[in-house]
Structures are given as C-alpha cells and as structure tokens.
Amino acid sequence: MKHTFSLLVIAAASLGASAAVPATSEPALKDVFGDKFRVAVAINDAQAKEIDKEGAAIVKHHFNTVVAENVMKCSEIHPEKNRYHWDDADAFVEFAERNGMTVIGHCLIWHSQLAPWFLYDDEGKYVSADTLKARMRDHIHAVVGRYKGRVKGWDVVNEAIVESGKYRNSGFYKILGEEFIPLAFQYAHEADPEAELYYNDYGMNVPGRRDGVVRMVQDLKRRGLRIDAVGMQAHMGMDYPDFREFEDALNAFAATGCKVMITEWDMSALPTFSRSSNVGDVAAYQKALNPYPDALPEDVSAHWNSRMDAFFSLFLRHSDVINRVTAWGVTDGNSWKNGFPVRGRHDYPLLFDRNYEMKPFLKNLVNYHKHK
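Only a predicted model underlies this, so the values are computations on that prediction, with no experimental measurement involved. (Residues numbered from 1 in each chain as written. Predicted model: local features only at pLDDT ≥ 70, side-chain atom pairs only at ≥ 80, totals over all residues. Heavy atoms only, no water.)

Novice: Provide a residue-level description of the pairing of strand β6 (residues 229–236), including the pertinent values.
Specialist: By the criterion of burial, β6 is predominantly enclosed, with eight of the eight residues buried. Pairing geometry for strand β5 (residues 196–201) and β6, over four bridges, is parallel. Bridge assignment links N200 to a residue of β6, and that residue is G231. In the classification by handedness, the crossover that spans β5, the intervening helix α10 (residues 207–222) and the parallel β6 is right-handed. In this fold, the crossover linking β6 to strand β7 (residues 259–267) by way of helix α11 (residues 243–254) has right-handed handedness. (Buried < 20%, exposed > 50% of the residue type's maximum accessible area, 1.4 Å probe, protein only. Helix = DSSP H or I, 4+ residues; strand = E, 2+ residues; numbered from the N terminus. Pairing = 2+ DSSP bridges. Right-handed = clockwise from strand over helix to strand, strands pointing away.)

Here it is as structure tokens:
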C-alpha cells in the first residue's frame, strides 16, 4: 500500500540531527489534528510534576489530553488494604487542569499491576465472591469519586480477553467469572454518572480477541450498562499488526455503536522478540535483541517512519469513529520498551526522539495538514 508521504519521510529521515527543530516551535499537534480527535499522551510522574521540564513542555505545547501512565493503577494508588496513595495521581490531575487539558484515568480493574492484597485473605487464599465485589466497589468508588467531574473518562477494565476470544483466567475471573466486567462498569457509573467508560485491550486486530470483545460490549449494552468506547492498544512493531486486520477490527468495534480510541500507541523499531529464539551464544543473543544501541540506521528509520505514517493516515481516515489517539509516552527515552526484554535495550517507538524532537513522518503530516 503506497502512502503520500513515504518519499518525503525517507528524505527527512536521512537529514539527521542537523535539521532538528525544537518540538515546541513546531505547529502544535492539537491545533493541526484536534478537530479530528483528541490528541493524547500518557505522561509519567516526572512530567506531571515538571521535573522533566523538556518533556512537560512538549506535553503542554502539543497535546490536549493526558492519560495517567502508571499513577492511577491499583498497585500505585491503593497499595495496602486500608491505605490510598493520592499524591502522585493528584499531581497528574492538577497538571492537566493547570494547562487546560482533558484527563483520562487508567485503569480501574486490571489483573497486572494489581495491589498484592486485593484478591487474597489473610491466609493467602482467594477471597469470596462477595468480598471481592465489596473490594472492587470500594476501590472504584474511592478512585472515581475523588476525581468526579475532573476526569473525562476511565479505562474501567483492561486486558480481560485472550486471543481465542475467551476470558482471561485472571484472579478476577476465577472468583467472579464473567460478572466482574459488568460489575466494574456498574460501580464506575455509580461513582460518577457523567464520566465516560471504556474497555481497553491489546492485540485487538487478532480475530478471536476482536470477536470476544465485540460480544462482551454487546452484553454490556444488553444489560443497559454504560460503555462509551473501546480502546485499541496500539503497541506495534515493524511486522505487526497486519494493517488490514487492524482496520477490520476498528470497523467491528465501531459497529457496536461505541466510539474507538487508539490507545497506548508506540511502534518498536527493533526486531520482534521471540521467546523461541535459539541463539546459543549469550553475547550474540544480547546483541540480536539490542541491535541499535546508539541510533537507528537510516533505512530502518525510513521504514519505521513510513509505517507510522500509514497508521496515522488510517486514524485520520476513520476520524468519524475514532475519538482519541494516545501516544504511550512522550519521548523514546521514556518508553517502557527500553530495557525489555533485556536490560539496556534501546528502542525508538514514540513520536518524539531522545532529543525531544518530532519524528520526520509527523513533521510531514503536520506540514501538510496545517495548510489544508
């Protein structure tokens, strides 16, 4: 599939750092694309508290919506049964409010980064169904209630469907079965009836998961529960997801009557990690996993930019149903992709590089669309 800006991207990628323009002197992404969808970014604690001043400046200049990358997850905000830690989440919300930004809360119920106590009794056994319902309700009411009227919407449940379309066999599912999802949406709506409510998951292009999520959304709607949008986590690589599968899934979610959000968008520029890789020499294995520790080769950078351009152009074409596009981090240096799956791994997955400069594909899109 050919894309309008591919040749420009390749040319721009070859210019190197000498052509760099400070990101805050560029036209703001929110001004260029804000009439299409919310232009969002996940921010960390250092950016919310403006310790990372350069990162915070990019956020304030370019984005109209912010998502809590970590500070609202259960293990961070509710680390012990009778203790909440509000300071970091408060700072995140206050940063957004000072700068006139929309706030998205992430996330209320997720099997990962869950506070260790949440599913267990004092003897280390799973709690009863009634106890877990009470804990879920108390947690959701406390978190959503604290920010009532200040948070636009919440990722209520995160990553509950596996690739086959079945429910993930998490602790929530083991104790409550499928009911934990409608209960979570019910409790969130009780806590703030005006807040938008979302389901969020990764690998949403996979047909089994896509169809499972569609069934789950339809079930919530049949019950009369509020669900405003489906979040398609867009953790991508140079060889996944399949472009057509991704678009098919986008259309399937829109057909439920929900809006679609592109969430957690990043694209690894490194070879896809396979746990079945058979490299006998440890040093060779480490090098294979971290092939570009200093910078991307020009051809790899050009390919990455072209592929990112293709997906952003897809988002623009479907802006009638997409209401938010969220980069999962501000710069390459902030990305969770660094150090995974081996320590010291350098990746290049985000919209701005380690020098806080906008990537070539995005510059080209901005320059084209600001004149339309």
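Novice: Which residues make up the environment of G105, and what values do they have?
Specialist: Structurally, the position occupied by G105 is in strand β3 (residues 102–110). Excluding residues that lie within four positions of it along the chain, G105 makes contacts with M72, V151, G153, W154 and D155. (Contact = heavy atoms within 4.5 Å.)

Novice: Tell me about the environment of F118, residues and numbers included.
Specialist: With respect to the element layout, F118 can be found in the loop between β3 and α7 (129–146). Residue classification places F118 among the buried residues on the basis of a relative accessible area of 0%. In this structure, the C-alpha to C-alpha distance between F118 and E163, residues 45 residues apart in sequence, is 26 Å. Filtering out sequence-adjacent residues up to four positions away, F118 remains in contact with C74, L132, R135, M136, H139 and F172.

Novice: Which residues make up the pairing of β3, and what values do they have?
Specialist: Burial runs high along β3: nine of the nine residues are buried. Both strand β2 (residues 65–68) and β3 contribute to a ladder of three bridges, which runs parallel. Across the sheet, V67 pairs through a bridge with I104, a residue of β3. Regarding the hand of the β-α-β motif, the stretch spanning β3, α7 and strand β4 (residues 153–158) is right-handed.

Novice: Can you tell me about the packing of α10 against α11, naming the residues and giving the values?
Specialist: Remark: α10 packs on α11, axes separated minimally by 10 Å, with the N-to-C direction vectors making an angle of 5°. Regarding the angle of α10 to α11, the classification is roughly parallel. Mapping the contact onto sequence places P207, R210, V213 and V214 in α10 and E245, D248, A249, A252 and F253 in α11. Residues of the contact of α10 with α11, tallied by class, amount to six nonpolar, no polar and three charged. (Axes fitted to C-alpha atoms, helices over the stretch in contact; angles between N-to-C directions. Parallel < 35°, antiparallel > 145°, perpendicular 65-115°, else oblique. Nonpolar A, V, L, I, M, F, W, Y, C, P; charged D, E, K, R; others polar.)

Novice: Tell me about α10, and name the residues and values.
Specialist: Look at α10: 22 Å from first C-alpha to last across 16 residues, which is about the 22 Å you get at 1.5 Å a residue. Those residues of α10 lying buried are G208, R209, R210, G212, V213, V214, M216, V217 and L220. Taken together, the buried residues of α10 touch α9 (180–191), β5, β6 and α11. Where α10 ends, the next residue or the one after it, G224, has phi of about 80°, a positive value. (Expected span 1.5 Å × (residues − 1).)

Novice: How would you sum up the environment of D45? Please name residues and give values.
Specialist: Relative to the helices and strands, D45 is located in helix α3 (residues 45–48). When its relative accessible area of 25% is taken as the criterion, D45 is described as partly exposed. Spatially, the C-alpha atoms of D45 and E69 are 8.5 Å apart, while their sequence positions differ by 24 residues. If we skip the residues at most four places from it in the chain, D45 touches V71 and D88.

Novice: Let's hear about the packing of aromatic side chains: which residues, and what values?
Specialist: In this description, an aromatic ring pair is defined by two values, namely the gap between the centres and the angle between the planes. The final tally for this structure, using the stated rule, is 18 aromatic pairs. Taken together, a centroid distance of 4.9 Å and an interplanar angle of 55° make the contact between F243 and F311 tilted. Of this pair, F243 sits in helix α11 while F311 sits in helix α13 (residues 298–317), and the two are 68 residues apart along the sequence. For the pair shown, F243 and F311 are each scored as buried. When the ring of W304 is compared with that of F361, the centres are 5.9 Å apart and the planes differ by 75°; the resulting orientation is edge-to-face. (Phe/Tyr/Trp six-rings, centres within 6.5 Å; stacked < 30°, edge-to-face > 60°.)

Novice: I'd like a rundown of the confidence of the model for the chain, residues and numbers included.
Specialist: This prediction gives the chain a mean pLDDT of 92; 91% of its residues lie at or above 70. Note that pLDDT drops below 50 for residues 1–19; the model gives that stretch 26 contacts with residues more than four away or on any other chain. (pLDDT = per-residue confidence, 0-100.)

Novice: For the nonpolar core, give the residues involved together with the corresponding values.
Specialist: Ranked by size, the top nonpolar core spans 109 residues in total, and within it F33, M136, W265 and F315 carry the most contacts. With nine residues, the top contributor of residues to this core is α13. Judged by nonpolar contacts, the second largest core, of seven residues, contains A42, I104, M261 and W328. (Core = buried A, V, L, I, M, F, W, Y, C linked by side-chain atoms within 4.5 Å.)

Novice: Describe the state of the cysteines, naming the residues involved and giving the relevant values.
Specialist: Taken as a whole, this structure holds zero disulfides when the rule is applied. Looking at C74, it has no disulfide partner, and the nearest cysteine sulfur is the one in C107, 9.0 Å off. No disulfide involves C258; its sulfur sits 18 Å from the nearest other cysteine sulfur, which is in C107. On the basis of relative accessibility, which here comes to 4%, the residue C258 falls in the buried class. (Disulfide = S-S within 2.5 Å.)

Novice: Residues and numbers for the pattern of salt bridges, please.
Specialist: Scanning all chains against the criterion turns up 18 salt bridges. The salt bridge partner of E123 is K125, with a shortest N-O separation of 3.9 Å. Taking relative accessible area as the criterion, E123 reaches 64% and is therefore assigned exposed. Across the pair E196 and K152 runs a salt bridge whose closest N-O atoms are separated by 3.9 Å. With E196 in strand β5 and K152 in the loop between α7 and β4, this pair connects stretches of sequence that are 44 residues apart. Its relative accessible area of 18% is what places E196 among the buried residues. According to the relative accessible area criterion, K152 is partly exposed, its value standing at 34%. (Salt bridge = Lys/Arg side-chain N within 4 Å of Asp/Glu carboxyl O.)

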